[in-house]
Amino acid sequence: MSETRIVQVADDEMKNAVSEACALLRAGEIVALPTETVYGLGADALNPEAVAKVFAAKERPSFDPLIVHIASRGDLKNVAIVPDDIAETVNKLTAAFWPGPLTIILPKHPDVPDLVTSGLPTVAVRQSAHPVFRAIGKELGRPIAAPSANRFGRISPTSASAVMKELGGRIPLIVDAGACSEGVESTIISIEPRKGKKPIFRLHRAGPITKEQLQDFGRVEKVREIKCDAPQAPGQLESHYAPLTPLILLEKPEDFVPEEGKKYGLLSYTGDDDSPYVTMHDWETIESLSPGSGKLAEAAIRLFFVMRLLDEAGLDAIMAEPVSETGLGVAIMDRLRRASINFK
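The structure presented is a predicted model; accordingly, all values stated were derived computationally and were not measured.

Draft legend 1. Local environment of the sheet that holds strand 2 (residues 31–33). Taken together, 11 strands build an open sheet; the order of strands is 1-8-2-3-7-4-6-5-9-10-11 and the sheet is mixed. Edge positions in the sheet fall to strand 1 (5–8) and strand 11 (219–222), since each of these pairs with one other strand and no more. Pairing geometry for strand 9 (residues 187–194) and strand 10 (residues 197–205), over 6 bridges, is antiparallel. Paired with Ile-189 across the strands is Leu-203, a residue of strand 10. Helix-sheet contacts for helix 1 (residues 14–26) involve strand 1, strand 2, strand 3 (40–44), strand 7 (144–145) and strand 8 (173–176), and the interaxial angle to strand 8 is about 150°.

And the structure:
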């Protein structure tokens, strides 16, 4: 692969960036694109050769399905088949949350290559709210398959510079539109209809659209995780979103037993000087998710950025403080658990 270029998007440069990205996508190439969640590695979802380049660049196993992004709600029919018994529910959910960070699993349209869905009969679909991604999708006129723009299992990128560190030299273009506004990947659900009752939403991955928001439309049940190499939805593998530096999630401060001579950093929630996590050790460095304020929305936006800072700090291990598992805290804790799974 030749040198990776970065094209910056400003209001007066949007048209050029969109045209350049679409030209590459039409030619069967892959391009890193901004979304409101994290940066994605996009390919024409109906071109299996282009999709194969996504798997190759990310070193992603072919059994891990991709999310397909559509430019408008009307495009859903081109990638998925909506069964009659959930059509009303899908309409309500898409009216409420699209464009936005909600991914819905539906029976796939025959035109969607099996490589995109890893051979599954279903496809994961969403409509991004990011203006640049939407403009590219509209101009391209085809759905875009776009997992996070990082090497498989690594920290998801929330900036163009993070994409360059992960995939520089592996892809031709990164469209830089600044930092992502949400910071964690989309919520993923499937829908189980119930006659005469509200449907059940199976929560495959927690994200910015919270359980509390979904409960207005149906009953939310978390999918029981099965330890296998055949996920039924994107982002389901047990170990994911991980730094190269061992990350250990400390459920309680007293669980921390430092080894002599090792350098430890703390991934703190607020970084408050009197926090029991901050005071329990002479940390090499401390990075905070929501400095001083303890706001889950800010913590979600900063999560992958802070993980990357600590990963590049020359530490022997990263200790992570838990956050409250309410609202966005559920998504944050899901990512921290997956990042730390290999080091328990």
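Draft legend 2. Representation of the packing of helix 1 against helix 5 (residues 131–140) in the model. In contact at an axis separation of 9 Å, helix 1 and helix 5 are set at 55° when each is read in the N-to-C sense. It follows from the interaxial angle that helix 1 and helix 5 lie oblique. Seen from above, helix 1 lies across helix 5 with right-handed handedness. Touching Met-14, Val-18, Ala-21, Cys-22, Leu-25 and Arg-26 of helix 1 are Pro-131, Val-132, Ala-135, Ile-136, Glu-139 and Leu-140, all from helix 5. Across the contact of helix 1 with helix 5, the residue classes break down as 10 nonpolar, no polar and 2 charged.

Draft legend 3. The arrangement of the packing of aromatic side chains in detail. Taken as a whole and assessed by the stated rule, the structure comprises 3 aromatic pairs. With a centroid separation of 5.6 Å and an interplanar angle of 70°, the aromatic rings of Phe-97 and Phe-217 are classed as edge-to-face. On the criterion of sequence distance, the pair formed by Phe-97 in helix 3 (residues 84–97) and Phe-217 in the loop between helix 7 (211–214) and strand 11 is long-range, its members being 120 residues apart. You can call Phe-217 partly exposed: its relative accessible area is 23%. By way of ring pairs, the aromatic residues Phe-256, Tyr-264 and Trp-283 are connected into one cluster.

Draft legend 4. The nonpolar core, seen in detail. The biggest cluster of nonpolar side chains holds 72 residues, and the ones touching the most others in it are Leu-76, Leu-93, Leu-102, Ile-171, Leu-214 and Leu-267. The dominant element in this core, judged by the number of residues it contributes, is helix 9 (residues 296–311), at 8 residues. If we ignore the near neighbours within four places in the chain, the residues touching Leu-214 are Leu-93, Phe-97, Leu-102, Thr-187, Ile-189, Phe-201, Ile-209 and Val-220. Of all hydrophobic cores here, the second largest spans 17 residues; its members include Cys-22, Phe-133, Ile-136 and Leu-173.

Draft legend 5. Summary view of the sheet that holds strand 13 (residues 264–268). Pairing within the open sheet is parallel, and its 4 strands lie in the order 12-15-13-14. Each edge of the sheet is formed by a strand with only one pairing partner; in this case those strands are strand 12 (247–249) and strand 14 (285–288). Here the average twist between neighbouring strands, direction ignored, is 20°. The pairing of strand 13 with strand 14 spans 4 bridges and is classified as parallel. Bridge pairing links Leu-267 to Glu-287 in strand 14. Sheet contacts for helix 9: strand 12, strand 13, strand 14 and strand 15 (317–320); angle to strand 14, the most-contacted strand, approximately 170°. Packing of helix 10 (residues 329–340) onto the sheet brings it into contact with strand 12, strand 13 and strand 15, and relative to strand 12 it is tilted by some 130°.

So, how was this worked out
Residues numbered from 1 in each chain as written. Predicted model: local features only at pLDDT ≥ 70, side-chain atom pairs only at ≥ 80, totals over all residues. Heavy atoms only, no water. Pairing = 2+ DSSP bridges. Helix = DSSP H or I, 4+ residues; strand = E, 2+ residues; numbered from the N terminus. Contact = heavy atoms within 4.5 Å. Axes fitted to C-alpha atoms, helices over the stretch in contact; angles between N-to-C directions. Parallel < 35°, antiparallel > 145°, perpendicular 65-115°, else oblique. Left-handed = near helix turned anticlockwise from the far one by under 90°. Nonpolar A, V, L, I, M, F, W, Y, C, P; charged D, E, K, R; others polar. Phe/Tyr/Trp six-rings, centres within 6.5 Å; stacked < 30°, edge-to-face > 60°. Buried < 20%, exposed > 50% of the residue type's maximum accessible area, 1.4 Å probe, protein only. Core = buried A, V, L, I, M, F, W, Y, C linked by side-chain atoms within 4.5 Å.

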